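# Structural features, examined
As a plain string of letters, each chain reads:
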Amino acid sequence: MAERVIEMQGISKSFPGVRALDQVDFYLEEGEIHALVGENGAGKSTLIKVMTGMYTADAGEIRVAGERVRPRSVFQMQEAGISTIYQEINLIPHMSVSENIALAREKTGLFGRIDWREARERARSAMARLGLDLDVDQPLNRFSTAVQQMVAIARALSLKARAVVMDEPTSSLNEGEITNLFRLIRDLRDQGVSFVFVSHKLREVFDLCQTVTVLRDGRLVGHYPITELDHFSLVSKMIGRDARGILGRHRDGTDKGERKRFCELNGIRDGRRLQGVSFAIGEGEILGLAGLLGSGRTETLRILFGAEQPEAGEIRLDGVVTRFNYPREAIARHLAFCPEDRKVEGIIPSLSLMDNIAITNLPRLSWRGVVSRAKKLALAEDYIQRLNIRAAGPRQRINTMSGGNQQKAILARWLSTSPRLILLDEPTRGIDVGARAEILDLIRRLAGEGLSVLMVSSEWGELLEVCDRILVYRDGRVLASLVGEEMTEDRIIATIAGEGRHA
Ligand SMILES: Nc1ncnc2c1ncn2[C@@H]1O[C@H](COP(=O)(O)OP(=O)(O)OP(=O)(O)O)[C@@H](O)[C@H]1O
Ligand SMILES: [Mg+2]
């Protein structure tokens, strides 16, 4: 029998108002890729933080390679060979790539000496191993989220870990980068490294993992060999009931015919990425943007929202040429923008769930400059219920909530402004299958009431499921506009691969 790299028994952990883990057992065998799955708030990240020494459990035992440990710090677990990549990337944004990788190794890094030439070489080769050739002297925040994630992975790998624990590592990677990452994980697995892998993308779980541990409401549901499960039975275990209600739903497929145009872009260029983007969004239309990372989708949303200025081209709302110098001008015209990176542009970490939802609505909730607490609470409670946000209560600090529930809070913030057009950048990233179906339903329902939706997603299946029409981007251009029968994954891939015609 394979050796158990990590063994956890009877782990419990409580926070004020919530029992995040209740007597959970978990084990990781040498050379396996072990999935940890469950709904948002089920306790996955908490279990990982206990496993990696970030949190101390209230009860339970942890063994690494058979030895009892009482982890008191992340460094201690790293020394024992357990390395981790958290859900929220925990790198130092203004330091360079090589500094970020080097500091992971040097627990005395701030005091001791680091050989920077060697560090740079090591960083370069670590990144090259992931198939990325980049200037490791550049500060990390110059790079995209995807690249930053890769740096976090490179850092963990540079620690020569026996086990690497990854909390949603693929959530900001594109298809190509995910393929690279999986190849790398499999290679390392074959060399005896073990992995704990958390993902809400169950296709990845079936693709990559041999074993699955399911958590629900802080309790262990069970450990299973992947071969004993299929998609349906796994989701059923996660949600604790028959999954039929939430799987296999599709767009009704009936196109609602001619719509009144709400918003129109003509020849938008930004002097960098966008090479002349033109399209229109009808009232109540759900328009998807597909394409690879860096193809210009996010830039389009940012220009529409006034977060960036176009160099050429025009935007029309209700047929009238409009220019937004600042997002607040876009908000005043009933646009809303739910950004891709919740940590940087999204949550306000020190505020409560309630305040995070209400923040875009303060004028509406105030009288003579004084915000009504009662109205704020009512608004928050309404959206907590509508989006089924799981928290100890509206006053819980948002940065102590689970990742998926933070994401829902940001969605609530923008939906609560009653927008006419909502711009969604990766709206279901980090959201569990059940909640994802609920959110897509809500989007559809709101579109039925006239809300226009412009949605970027790297999950093409999701676009195919919810959109009325899909635009395919490549290199800052719209290459194709797909409707009806043309809306297939094959067609999207073919267009991106260059078989499509310019629209
Ligand atoms: N530092 C904290 N303070 C208070 N509550 C916390 C803290 N960390 C986690 N919790 C609570 O513990 C529960 C489990 O959260 P956890 O982050 O482990 O969920 P998760 O399974 O990782 O969910 P997700 O899929 O959304 O990331 C949640 O109810 C969360 O609000
Ligand atoms: Mg989590």
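### Regarding the site of ligand 1
Taken together, the neighbourhood of ligand 1 is formed by 21 residues, with G41, K44, T46, S402 and G404 sitting nearest. With respect to ligand 1, the backbone of A42 contributes an N or O atom lying 3.2 Å from an oxygen atom. Within the contact set of ligand 1, an oxygen atom lies 2.8 Å away from a side-chain nitrogen or oxygen of S45. Here ligand 1 loses 89% of its free accessible area of 630 Å² to cover by the protein chains. Mapped by element, the contributors of at least two residues to the shell around ligand 1 are β2 (18-29), α1 (44-51) and α14 (403-415). For the shell around ligand 1, the residue count by class is six nonpolar, twelve polar and three charged. Here the shell around ligand 1 spans two domains, and each of domain 1 (4-245) and domain 3 (344-418) adds at least three residues to it.

### Quick notes on the pairing of strand β9 (residues 211-216)
The buried count for β9 comes to five of six residues, which makes it a mostly enclosed element. One ladder, built from four bridges, connects strand β3 (residues 33-37) with β9; its direction is parallel. Of the residues in β9, the one forming a bridge with V37 is V214. Bridging between β9 and strand β10 (residues 219-225) involves six bridges; their strand directions are antiparallel. For L215, the partnering residue across the bridge sits in β10 and is L220.

### Focus on the sheet that holds strand β13 (residues 286-290)
Taken together, the six strands give an open sheet; going across it, the order is β16-β19-β20-β13-β21-β22, and neighbouring strands pair in mixed fashion. What marks the edges here is a single partner per strand, and that holds for β16 (335-338) and β22 (477-483). Neighbour to neighbour, the strand axes of the sheet diverge by 20° on average, direction disregarded. Summarising the sheet, strand β21 (residues 469-474) and β22 pair through six bridges and their orientation is antiparallel. Bridging across to β22, Y473 finds its partner in V478. Helix α9 (residues 297-304) contacts β13, β16, β19 (421-425), β20 (452-456) and β21 of the sheet and is inclined by roughly 150° relative to β19. Packed on one face of the sheet, α14 meets β16 and β19 and runs near 175° to β16.

### Description of the state of the cysteines
Applying the stated criterion to the full structure yields zero disulfides. Considering cysteine sulfurs only, C467 is the nearest to C338, which forms no disulfide, with 15 Å between them. For C338, a relative accessible area of 1% corresponds to the buried category.

### Regarding the nonpolar core
Of all hydrophobic cores here, the largest spans 76 residues; its most connected members are F279 and L454. The dominant element in this core, judged by the number of residues it contributes, is helix α15 (residues 433-448), at seven residues. Of the domains in this structure, domain 2 (248-334 + 419-503) and domain 3 (344-418) are the two that each give at least three residues to this core. Once residues lying within four places of it in the same chain are set aside, the contact partners of L454 are F279, I281, L287, L289, L301, L304, L421, I422, L423 and L424. Of all hydrophobic cores here, the second largest spans 51 residues; its members include I33, L130, F143 and V214.

### Let's talk about the sheet that holds strand β15 (residues 320-322)
Spatially, the four strands line up as an open sheet ordered β12-β11-β14-β15, and their pairing is antiparallel. In this open sheet, the two edge strands, each paired with only one partner strand, are β12 (275-282) and β15. Within this sheet the neighbouring strands show an average axis-to-axis angle of 20°, counted without direction. In the sheet, strand β14 (residues 312-317) pairs with β15 via three bridges, with the strands oriented antiparallel. Considered in β15, the bridge of R316 is made with V321. Running over the sheet, α9 touches β11 (261-269), β12 and β14 and is turned about 115° from β11.

What counts as what
Each residue is numbered by its place in its chain's sequence as written, counting from 1. Throughout, the order in which chains and ligands are written sets their labels, letters from A for the former and numbers from 1 for the latter. The predicted nature of this model means local features are confined to residues of pLDDT at least 70 and side-chain atom pairs, given and counted, to a pLDDT of 80 or more, with totals for whole chains, interfaces and linings taken over all residues. Just so you know, side-chain values use all the structure's heavy atoms and leave hydrogens and water out. For this purpose, a residue is taken to be near a molecule or strand whenever a single non-hydrogen atom of the residue falls within 4 Å of it. Between N or O atoms, a polar contact is any pair within 3.5 Å; within protein, one atom must be a potential hydrogen donor and the other a potential acceptor, and residues adjacent in sequence are included only when both atoms are from side chains. For accessible areas, the Shrake-Rupley method is used with a probe of radius 1.4 Å. Any residue's cover is judged against the shown protein chains and nothing else. Here a strand is any run of E in DSSP of at least two residues, a helix any run of H or I of at least four, and the numbering for each starts at the N terminus. Residues are grouped as follows: Ala, Val, Leu, Ile, Met, Phe, Trp, Tyr, Cys and Pro are nonpolar; Asp, Glu, Lys and Arg are charged; all remaining types, including Gly, are polar. Domain limits in this description derive from either an automatic procedure or a database domain assignment. Under the scheme applied here, a residue whose accessible area is under 20% of the maximum for its type counts as buried, over 50% as exposed, and between as partly exposed, the area being computed with a 1.4 Å probe on protein chains only. We treat two strands as partners when DSSP finds at least two bridges between them. A fitted line through C-alpha atoms represents every axis, and for helices the fit uses only the stretch in contact; the resulting angles, taken between N-to-C directions, go from 0 to 180 degrees. Working rule for contacts: check all heavy atoms of both residues, and any pair within 4.5 Å makes them a contact. Note on terminology: pairs of cysteine sulfur atoms within 2.5 Å are recorded as disulfides. Buried Ala, Val, Leu, Ile, Met, Phe, Trp, Tyr and Cys residues that are joined via side-chain atoms within 4.5 Å together make up what is termed a nonpolar core.

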